[in-house]
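Now for the letters of each chain:
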Amino acid sequence: MANIKINLLMNKAKYTSDLGENNCRIYTTGEVITEQKDFMRGHGTYVEDGLIKSSVVGVVRQINKLISVVPLKSKYVGEIGDVVIGRVTEIQKKRWKIDTNSRLDSVLLISSINLPGGELRRRNAEDEQSMRKLLQEEDLLSAEVQNVYVDGSLSLHTRSLKYGKLSQGILISVSPSLIKRRKNHFHNLPCGVSVIIGNNGYIWISPIVNVEIEGQGGFAQSLDAISKSDREAIVRIKNCVQALASCYVMIYDTSITFAYEESLKYEAKELLNHDTMYEIGFNTKLKLMQQE
Amino acid sequence: MAQELLSLQGLRIDGRRQNELRQIQCRLGVLERCDGSAYMLHGNTKVIASISGPKHPTKNSANKNRGGDEFIFNVRVKFATFSKNGERQKVVKNSKKLGEIEINLKNIFKSVILVEKYEKSQLDLNIEILQTDGSEICTVVNAATLALIDAGICMKEYICACTASLTNDGVALLDVSHLEEICGGPTLTIAALPRTGDHEQSVAYVELSQKFYLKDLNKIFDCALMGCEKIRGILDEAIRSNAFELVNSELTNN
């Protein structure tokens, strides 16, 4: 018989647990943060009657005299140098529009990619006409944030061999606040899986491919068959990341590796069970805390 | 109607006192595939609200809004086919009643969202009413507030809504159920920005059905505003407990 579980929305289990005592002061919408006049208001705040009030629910971060409130869950707000994963939504003259889980679509200019062949040369009209050959609508790519415009939209670039079009793999989207900022966001895990953790909450899991050899500026697409063991490893990692996200554990290479080790006693498909997800998330959190 | 809204013992049809709310339960972040969501039970009225966005405007809504850079806020309200008592209802799309509710909600929330932060982008609010038992609009507003907060949208203040009614003897009743709605008596729906402290409450939306004496207006108004204040407390508690959970697990590593 099929094993079916039905969870009511109201009884949806909470997969979080108190591990450390941590007394963060939470400010809610409309709450007065400070009455003193000599502070500056940052993101997530507004001024009314000379008082700085919070406009979102979150924790206060103070940098010298600048007060901002960081919401617990929000759209991705880009910073220069972030690694992001995006999906092409539209092709315009000289640019691609890319969905990066942020408030506005990002732009990838044709002048900020490496053309096939890798050599540096002028972008001519012919290149503009063949843009669709490089990236079509709905294609996925990895890129770096080059610039943030005044209105908050991002400009991306792929001027490195590690960035470019993504071919075979799985995309998971989690909340951007769960991604830990690190030096490196490209990881080849020992289990034969390569993971790109985008700062925008999109995570790309794929078999390890050697980018250097292809020399196509990262726009080649390999569609070779992938062995069953590789696919199983990919799916397992995907389920682990999902388990971590549902338990609100920060996602970075160490936590994924720990969750993977933790998950080995189960089959990959069993990881979709909510209780198993919770166990893995919880154990990973314990391990991370021990390590600290 | 033969039935009295308030018995001699001072109890209402469902056994509440005159100024008692029905049971309210709420959860934030119940749905996974959207940016913010909330589930709200108010007595037997059940509502799910979900937010998608702020995001790049879809072509369709960008065309409608030819002005260009403004904030686009779409509200869709849907009554489930099984939501009303008894038989299955036919789904009516774009009915007048729904359209009115949608426009009202749009105006209510545009008054609290910090619109200037969301220029050029689009925000969709989808509301599904699963079960109705009076005070639907008020439940919808409360659920939508929670969903907006869950999505991390910048707002000035919570908006809480509440209803009040009046008996024949001029006693104000808080939080009207369906049975009391159909028993006659006026219904006042208020959406307010309650502020604890020295600020006065400001009202974002008022709807009044039926006539009654002017002298009773203040009574019924105060009753509903008091309900808003109580509901604010309940929402605040739900939001804080939800936030604590997230903070404790997430930001410890940051």
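Conventions used here
- Residues numbered from 1 in each chain as written.
- Chains lettered and ligands numbered in written order.
- Predicted model: local features only at pLDDT ≥ 70, side-chain atom pairs only at ≥ 80, totals over all residues.
- Heavy atoms only, no water.
- UniProt positions renumbered as here; feature names shortened; annotations may be inferred.
- Contact = heavy atoms within 4.5 Å.
- Buried area = accessible area lost by both parts, 1.4 Å probe.
- Salt bridge = Lys/Arg side-chain N within 4 Å of Asp/Glu carboxyl O.
- Polar contact = N/O pair within 3.5 Å; in protein donor to acceptor, adjacent residues only side chain to side chain.
- Helix = DSSP H or I, 4+ residues; strand = E, 2+ residues; numbered from the N terminus.
- pLDDT = per-residue confidence, 0-100.
- Axes fitted to C-alpha atoms, helices over the stretch in contact; angles between N-to-C directions.
- Parallel < 35°, antiparallel > 145°, perpendicular 65-115°, else oblique.
- Left-handed = near helix turned anticlockwise from the far one by under 90°.
- Nonpolar A, V, L, I, M, F, W, Y, C, P; charged D, E, K, R; others polar.
- Pairing = 2+ DSSP bridges.
- Buried < 20%, exposed > 50% of the residue type's maximum accessible area, 1.4 Å probe, protein only.

By the naming in an unreviewed UniProt entry, chain B is Putative exosome complex component RRP41, taken from Polypedilum vanderplanki. Per UniProt, chain B has the following entry under Subunit (unreviewed entry): "Component of the RNA exosome complex." In UniProt, chain B has this text filed under Sequence similarities (unreviewed entry): "Belongs to the RNase PH family."

Going by the annotation in an unreviewed UniProt entry, the name recorded for chain A is Ribosomal RNA-processing protein 4, with Polypedilum vanderplanki given as the source organism. Per UniProt, the comment on chain A under Subcellular location (unreviewed entry) is "Nucleus". Within the UniProt record for chain A, the comment given under Sequence similarities (unreviewed entry) is "Belongs to the RRP4 family."

> Which parts of the structure should I look at to understand the interface of chain B and chain A?
One frequently used descriptor of interface size is the decrease in accessible area upon assembly of the parts. With 50 residues of chain B at the contact, the number on the chain A side is 45 residues. Here chain B and chain A share an interface that buries about 4,300 Å² over both sides, 54% of which is from carbon and sulfur atoms. For the interface between chain B and chain A, the tally reads four salt bridges. Put simply, Asp35 of chain B and Lys75 of chain A hold a salt bridge, and the shortest N to O gap is 3.5 Å. Counting every contact that joins chain B to chain A gives eleven residue pairs in polar contact (both at pLDDT 80 or more). Secondary-structure elements contributing two or more residues to the side of chain B that touches chain A are strand S1 (24-28), strand S2 (36-42), strand S3 (45-55), helix H3 (136-150) and helix H5 (217-250) of chain B. Per element, the largest residue contribution to the side of chain B that touches chain A is eleven residues, and it comes from H5 of chain B.

> What should I look at first to understand unusual backbone geometry in this one?
For residues other than glycine, phi is negative in most cases, and the peptide bonds are mostly trans. All names here are of chain A. A positive phi angle is found at Asn64, which is not glycine, with a value near 50°. Its location among the elements puts Asn64 in the loop between strand S6 (58-63) and strand S7 (66-71). For Glu138, which is not glycine, the phi torsion reads 75° and is therefore positive. Along the chain, the position of Glu138 falls in the loop between helix H2 (131-134) and strand S11 (140-148).

> In this structure, what is going on with the confidence of the model for chain A? I would like to understand it.
Close inspection of predicted coordinates is inappropriate in any region flagged by low pLDDT. Residues and elements named next belong to chain A. When pLDDT is averaged along chain A, the result is 82, and 87% of the positions lie at 70 or above. When the elements of chain A are averaged for pLDDT, helix H3 (residues 211-214) gives the smallest value, 51, and strand S14 (residues 170-173) the largest, 92. Confidence over residues 213-217 falls short of pLDDT 50; this stretch has seven contacts with residues more than four positions distant or in other chains.

> Is there a simple way to think about the packing of helix H5 (residues 253-263) of chain A against helix H6 (residues 274-291) of chain A in this case?
The geometry of a pair of packed helices is captured by two quantities: the angle between their axes and the separation between those axes. Residues and elements named next belong to chain A. Interhelical geometry of H5 versus H6 gives an angle of 125° and a closest axis separation of 9 Å. Classified by the angle their axes make, H5 and H6 are oblique. Our pair here, H5 against H6, has a crossing hand that is right-handed. Across from Thr254, Ser255, Phe258, Ala259, Glu261, Glu262 and Ser263 in H5, the residues of H6 making contact are Ile280, Asn283, Thr284, Lys287, Leu288 and Gln291. When grouped by side-chain class, the residues that make up the contact of H5 with H6 number four nonpolar, six polar and three charged.

> Please explain the environment of Ile103 of chain B as it appears in this structure.
With respect to the element layout, Ile103 of chain B can be found in helix H2 (residues 96-110). In this structure the C-alpha to C-alpha distance between Ile103 of chain B and Val115 of chain B, which are twelve residues apart in sequence, comes to 17 Å.

> What is the right way to look at the sheet that holds strand S15 (residues 186-189) of chain A in this model?
Strands in a sheet are paired, the pairing made by backbone hydrogen bonds, and the direction either parallel or antiparallel. Residues and elements named next belong to chain A. Taken in spatial order, the four strands make up an open sheet running S14-S17-S16-S15, and their pairing is antiparallel. Both edges of this open sheet fall to S14 and S15, since each of them pairs with a single strand only. The sheet shows a mean angle of 20° between the axes of neighbouring strands, taken without regard to direction. Both S14 and strand S17 (residues 202-207) contribute to a ladder of four bridges, which runs antiparallel. In the strand pairing of S17, Ile170 is matched with Ile205. Contacts between helix H4 (residues 228-246) and the sheet are confined to S14, S15, strand S16 (193-197) and S17, with S17 contributing the most and set at about 160° to the helix.

> Where do I start with the sheet that holds S3 of chain B in this structure?
All names here are of chain B. As summarised here, the arrangement of the five strands in space is S1-S2-S3-S5-S4, forming an open sheet in which the pairing is mixed. With one partner strand each, in any of the chains shown, S1 and strand S4 (72-79) form the two edges of the open sheet. Pairwise comparison of adjacent strand axes, ignoring direction, gives a mean angle of 15° for this sheet. Bridge analysis of S2 against S3 gives seven bridges, and the strand direction is antiparallel. Each bridged residue has a counterpart across the sheet, and for Met40 the counterpart in S3 is Val47. Packing of H2 onto the sheet brings it into contact with S4 and strand S5 (122-131), and relative to S4 it is tilted by some 140°.

> What is the right way to read the pairing of S3 of chain B from this model?
It is a general feature of regular strands that their side chains alternate between the two faces of the sheet. All names here are of chain B. In terms of burial, S3 is largely enclosed, as nine of its eleven residues are buried. In textbook terms, the turn of a hairpin is the stretch between consecutive antiparallel strands, and for S2 and S3 this stretch comprises two residues, one of which, Gly43, has a positive phi near 60°. Sheet analysis places S3 next to S5, joined by eight bridges and oriented antiparallel. Looking at S5, one finds that Lys46 is bridged to Gln131.

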